[in-house]
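Given next are the chains, with one letter for each unit.
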Amino acid sequence: MRQPAREPDMEAVLDSASSDETPGLGRSRLLKVAVPAIMLGLTLLAWEVYVRVNAVPPYILPAPSLVAQTLVKDWGTLYPALLVTLRITFSALILALIGGTVLAVLLVQSKWVELALYPYAVILQVTPIVAIAPLILVYVSSTQAAIMICAFLVAFFPILSNMVQGLKSVDHNLLNLYDLYGASRWQQLRLLKLPAALPYFMTGLKIGGGLSLIAAVVAEFAAGSAGAGSGLAFRLLEAQYRLNIPRLFAALVLLSATGVAIFALTSVVAWLSLRRWHESALAREN
């Protein structure tokens, strides 16, 4: 007598599928790290070989090994400047996050506020910060505060514009459903619009993080600040004036590493916020 065919155990099928996908996913993540690292290593090796073979003077192009030695030797000078730049960058970014979010909510909740303020926010954004910085330096007594204001202005608009776009991108059917059940405007904002705008906010955070660092450096160039409270931008200028090119490269490496670290940090924050529900942070199922 024939036995009836057993239905496949779905849990076993899913477990086998996930076990088949896990090695591929691990290899993909490994490649994302290994390929850029290998490319960076080959570039540094070619740079080192070129400098040594052609006997390029260090005041023209220092070798990577010399840049690394200078970074270690001058760490006592570069590290305090790095802390100053980081303090200005993160202070400006936090203020831009708070100000951009609050103003975006006001713009979306009130059409009159949007008509009155948004055009001036656009004008402020399209005006080069290098042109605004001298005026800020005239009217603000502290150079560090003026630099932070410049960094804030540059980081503010991307956060504002992304947040406004996110708050306005809510599904109209959901808005109609909330209206049907008599939800107030603030209930719609808290329960529907703000969660829906979170991906846009995270995009603005990643953009604003990089721009705040760039603006802090550019503003310090424009300010020409010097002394113990100066950031990495002054150390760059100082090394250039003294033809200390290895230190210039070392400061540049620190700035680049700081920018990469800020982008990585904001990307991790965005992933942690969206990984359970938004398509941009979820792996494809097919």
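About the thresholds
- Residues numbered from 1 in each chain as written.
- Predicted model: local features only at pLDDT ≥ 70, side-chain atom pairs only at ≥ 80, totals over all residues.
- Heavy atoms only, no water.
- Helix = DSSP H or I, 4+ residues; strand = E, 2+ residues; numbered from the N terminus.
- Buried < 20%, exposed > 50% of the residue type's maximum accessible area, 1.4 Å probe, protein only.
- Contact = heavy atoms within 4.5 Å.
- Areas by Shrake-Rupley, 256 points an atom, 1.4 Å probe, with all protein chains shown as cover.
- UniProt positions renumbered as here; feature names shortened; annotations may be inferred.
- Phe/Tyr/Trp six-rings, centres within 6.5 Å; stacked < 30°, edge-to-face > 60°.
- Core = buried A, V, L, I, M, F, W, Y, C linked by side-chain atoms within 4.5 Å.
- Arc of directions from axis to C-beta.
- Patch = residues over 30% accessible without salt bridge, like charges linked within 9 Å, V, L, I, M, F, W, Y side chains within 5 Å.
- Salt bridge = Lys/Arg side-chain N within 4 Å of Asp/Glu carboxyl O.

Caption draft 1: Fine view of the overall build of the chain. For the chain, the helix and strand inventory stands at 10 helices and 0 strands. When the helices and strands of the chain are listed from N to C terminus, the series reads α-α-α-α-α-α-α-α-α-α. Burial status across the chain gives 34% buried among its 286 residues. Here the analysis covers contacts within the chain between residues at least 6 apart in sequence; of these, 70% occur between residues at least 24 apart. With the model as given, the accessible surface of the chain reaches about 17,900 Å², and the carbon-plus-sulfur share is 67%.

Caption draft 2: Spatial organisation of the UniProt feature "transmembrane region" (unreviewed entry) in the chain. Within this numbering scheme, the UniProt entry marks residues 88-108, 115-139, 145-164, 211-237 and 249-274 as carrying the feature "transmembrane region" (unreviewed entry). The span residues 88-108 is 100% helix and 0% strand, and its two end C-alpha atoms sit 30 Å from each other.

Caption draft 3: Spotlight on unusual backbone geometry. At Ala-55, a residue that is not glycine, the phi angle is positive and equals roughly 50°. With respect to the helices and strands, the residue Ala-55 is situated in the loop between helix H1 (10-54) and helix H2 (64-73). Unlike most non-glycine residues, Leu-243 shows phi in positive territory, near 55°. By secondary structure assignment, the location of Leu-243 is in the loop between helix H9 (232-241) and helix H10 (245-274).

Caption draft 4: Local environment of the packing of aromatic side chains. Counting across every chain of the model gives 4 aromatic pairs. Here the aromatic rings of Tyr-118 and Phe-157 are separated by 6.2 Å at their centres, their planes lie at 35°, and the arrangement is tilted. Of this pair, Tyr-118 sits in helix H4 (residues 111-126) while Phe-157 sits in helix H6 (residues 143-168), placing them 39 residues apart in sequence. The interplanar angle of 40° and the centroid separation of 5.4 Å between the aromatic rings of Phe-152 and Phe-156 together place this pair among those described as tilted. Within this pair, Phe-152 and its partner Phe-156 are both found in helix H6, separated by 4 residues, close to a single helical turn. Phe-152 gets classed as partly exposed once you look at its relative accessible area, which sits at 22%.

Caption draft 5: Summary view of the nonpolar core. Formed by 24 residues in total, the largest nonpolar core has its most connected members in Leu-97, Ala-104, Leu-160, Met-163, Val-164, Leu-167 and Met-202. Secondary-structure elements contributing two or more residues to this core are helix H3 (75-109), H6, helix H8 (185-223) and H10. With sequence-adjacent residues up to four places away left out, Ala-104 is seen in contact with Leu-160, Met-163, Val-164 and Leu-167.

Caption draft 6: Representation of helix H5 (residues 129-139) in the model. Considered for burial, the residues of H5 that qualify are Ile-129, Ile-132, Ala-133 and Ile-136. Down the axis of H5, the sector holding all buried residues measures 115°, keeping them to one side. For H5, exposure combined with an orientation more than 90 degrees from the buried face picks out Val-130, Leu-135 and Val-138. Buried-residue contacts for H5 involve H4, H6 and H8.

Caption draft 7: Representation of a nonpolar patch on the surface. On the surface, Ile-38, Leu-42, Leu-45, Val-49 and Val-53 cluster together into a nonpolar patch covering about 500 Å² of accessible area. Turning to its location among the elements, Ile-38 is positioned in helix H1.

Caption draft 8: Spatial organisation of the side chain of Glu-114. With respect to the element layout, Glu-114 can be found in helix H4. Excluding its chain neighbours within four sequence positions, the residues that come into contact with Glu-114 are Leu-107, Pro-119 and Lys-168.

Caption draft 9: Main features of the environment of Thr-77. Among the secondary structure elements, Thr-77 is positioned in helix H3. Spatially, the C-alpha atoms of Thr-77 and Arg-235 are 8.5 Å apart, while their sequence positions differ by 158 residues. Beyond its immediate chain neighbours, meaning those up to four positions away, Thr-77 contacts Arg-235 and Arg-247.

Caption draft 10: Fine view of the pattern of salt bridges. For the coordinates displayed, the defined rule picks out 7 salt bridges. Close ionic contact of Glu-48 with Arg-52 constitutes a salt bridge, the shortest N to O distance being 2.7 Å. With Glu-48 and Arg-52 both in helix H1 and 4 residues apart, the pair spans about one turn of that helix. For Asp-74, the salt bridge is made with Arg-247, and the minimal N-O distance between the two is 3.0 Å. Placement of Asp-74 in the loop between H2 and H3 and of Arg-247 in helix H10 is noted, with a sequence separation of 173 residues between them. Given the relative accessible area of 9%, Asp-74 is considered buried. Residues joined in a network through salt bridges with shared partners are Asp-74, Arg-235, Glu-238, Arg-242 and Arg-247.

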